[in-house]
Amino acid sequence: MHKMRKIGSIITVSSGGTPNRKREDYYSGGTIPWVKTGDLKGKFIEKPKEYITPVGLQNSSAKLFPKNTVLVAMYGATIGACSILDEEAATNQACAALLPCSEIEPAFLYFYFSSIKNDLVNKGVGGAQPNISLGILKNLEIPLPSLEEQKKIAAILDAADEYRQKTKALIDKYDQLTQSLFLDMFGDLDGKATLLGEFIKLLGGGTPSKDVEEFWNGNIPWASVKDLKSDYLISTQDSITEDGVSNSATRIVKKGTLIIATRMAVGKCAIPTKDMAINQDLKAVKIIKGLNVKFLQFLLKSKKSHFEHVSTGATVKGIKISHITDLKVLIPELSLQNQFAERVAQIEKQKQQAEASLVKAEELFSSLLQRAFKGELTS
């Protein structure tokens, strides 16, 4: 185990600021990268969404930080997110900046913060906008091996992370391939005379009373929008009992039935791999005639931007059933839809293999990350 040192005793820890939003000359034509917590998405900042001008920098508490500064998110949902600057840049006040120093390798520091992200989240204080302070970061203790050993540790973690990221990219390519296949086979299905409602019927769900304990934690999976994470719905966070089904508007949906979100993540859809109940924010799509369920899923996925455009609601966006059933689309021959579904199934088989590899890659990276700061990687 290496000697523990307080971060504030070896690193200068600072933060930035936000130029006055009412001053157009602080932003328009800006050439200085201005990083916010939403930009902290990987090891390096690829390209921030906003830039500021020199006059904006001079007339605010924003500061220029050098290349290899490690940034850590201090506010809100992104607490603990971390990235390294690969060029000189300014930041807003929600980013803590840990400036380069001769004793710490930036990549070692980046991976250290990755390993303690959950701890930082737990240290967040406040209600709607929890935060951690510069003081909390300065008082964090970090195991500090020699610079040479830090570089070795960072290289091991880099290799594991690279394998993980490449596997993720491969999965994304399979998703892009299926989208391209849909467009290649069917092209533009808009503006035709056929109403989708002639082919489908939408059935809603419900929620058992939260006050009745006997309705919950049963053997029936109960799906809500938060469970829609991929094209297939494999598991749910919550489950209900048969009494919960009988005493509510929820509905049991058979496996292989398409479900679509009509609130929150409007237009998002998935196919359950087992029978399950659904809540009121989801609708089960019952096919009346002439549709392959896989084709229908991709058809509805292609309309997601339309659903987002027509959605309404001040805090939670939602669409009506009619926004789906009144879609005018060209429905191809069922044989062509089936051909599409068969080709997608082949792609999905390869994607599943990649997803299994990703699980192993994530487990390996997580294991190495935890061992790295216990002195178990290079000793």
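Anything mentioned here points back to the structure above.
Residues numbered from 1 in each chain as written. Predicted model: local features only at pLDDT ≥ 70, side-chain atom pairs only at ≥ 80, totals over all residues. Heavy atoms only, no water.

### Let's talk about the overall build of the protein chain
- The secondary structure content of the protein chain amounts to 11 helices and 21 strands.
- Oriented by its inertia axes, the alpha-carbon framework of the protein chain measures out at about 70 × 50 × 45 Å.
- Out of the 379 residues in the protein chain, the part that is buried amounts to 45%.
- For the protein chain, the proportion of contacts with a sequence separation of at least 24, taken over those separated by at least 6, is 73%.
- Of the roughly 19,300 Å² of accessible surface on the protein chain, 49% is carried by carbon and sulfur atoms.
- Counting 49 positive and 42 negative side-chain charges, the protein chain places the centres of these two groups 2 Å from one another. (Helix = DSSP H or I, 4+ residues; strand = E, 2+ residues; numbered from the N terminus. Buried < 20%, exposed > 50% of the residue type's maximum accessible area, 1.4 Å probe, protein only. Contact = heavy atoms within 4.5 Å. Areas by Shrake-Rupley, 256 points an atom, 1.4 Å probe, with all protein chains shown as cover. Lys, Arg positive; Asp, Glu negative; His and termini not counted. Charge placed at Lys NZ, Arg CZ, Asp CG, Glu CD.)

### Some words on the packing of aromatic side chains
- A full pass over the atoms with the stated rule returns 14 aromatic pairs.
- One cation-aromatic arrangement involves K289 over F199; the distance from NZ or CZ to the ring centre is 5.2 Å. (Phe/Tyr/Trp six-rings, centres within 6.5 Å; stacked < 30°, edge-to-face > 60°. Lys NZ or Arg CZ within 6 Å of the ring centre and 35° of its normal.)

### Structural notes on the sheet that holds strand β2 (residues 13-15)
- Spatially, β2-β9-β6-β7 is the arrangement adopted by the four strands of the open sheet, whose pairing is antiparallel. Unpaired on one side and paired on the other, β2 and β7 (82-84) mark the two borders of the sheet. The average undirected angle you get between the axes of adjacent strands in this sheet is 25°.
- Sheet topology places strand β6 (residues 70-73) next to strand β9 (residues 95-98); four bridges connect them, and they run antiparallel. When the sheet's bridge partners are listed, V72 is paired in β9 with A96.
- Strand contacts of helix α3 (residues 106-115): β6, β7 and β9, with the helix running at about 170° to β7, the strand carrying the most contacts. (Pairing = 2+ DSSP bridges. Axes fitted to C-alpha atoms, helices over the stretch in contact; angles between N-to-C directions.)

### Notes on the sheet that holds strand β15 (residues 238-240)
- Spatial strand order, β15-β13-β19-β16: four strands in an open sheet with mixed pairing. Edge positions in the sheet fall to β15 and β16 (251-253), since each has one partner strand and no second. The sheet shows a mean angle of 60° between the axes of neighbouring strands, taken without regard to direction.
- Pairing geometry for β16 and strand β19 (residues 276-278), over three bridges, is antiparallel. Paired with I252 across the bridge in β19 is A277.

### What to know about the state of the cysteines
- A complete count under the given rule lists zero disulfides for this structure.
- Cysteine C82 is unpaired, with the sulfur of C95 as its nearest cysteine sulfur at 10 Å.
- Its relative accessible area of 7% is what places C82 among the buried residues.
- No disulfide involves C101; its sulfur sits 14 Å from that of C82, the nearest cysteine.
- Its relative accessible area of 23% is what places C101 among the partly exposed residues. (Disulfide = S-S within 2.5 Å.)

### Things to note about the nonpolar core
- Within the largest apolar cluster, 35 residues are counted, with the highest numbers of intra-cluster contacts made by I7, L98, L109, F113, L120, L137 and L157.
- Those elements that place two or more of their residues in this core are α1 (7-10), β6, β7, β9, α3, α6 (147-186) and α11 (334-372).
- Here this core takes six residues from α3, the largest share from any one element.
- Not counting the four nearest positions on each side in its chain, L120 is found in contact with V72, I79, G80, F113, I132, L137 and L140.
- Formed by 33 residues, the second largest nonpolar core is a distinct cluster that contains Y174, L181, I200 and V285. (Core = buried A, V, L, I, M, F, W, Y, C linked by side-chain atoms within 4.5 Å.)

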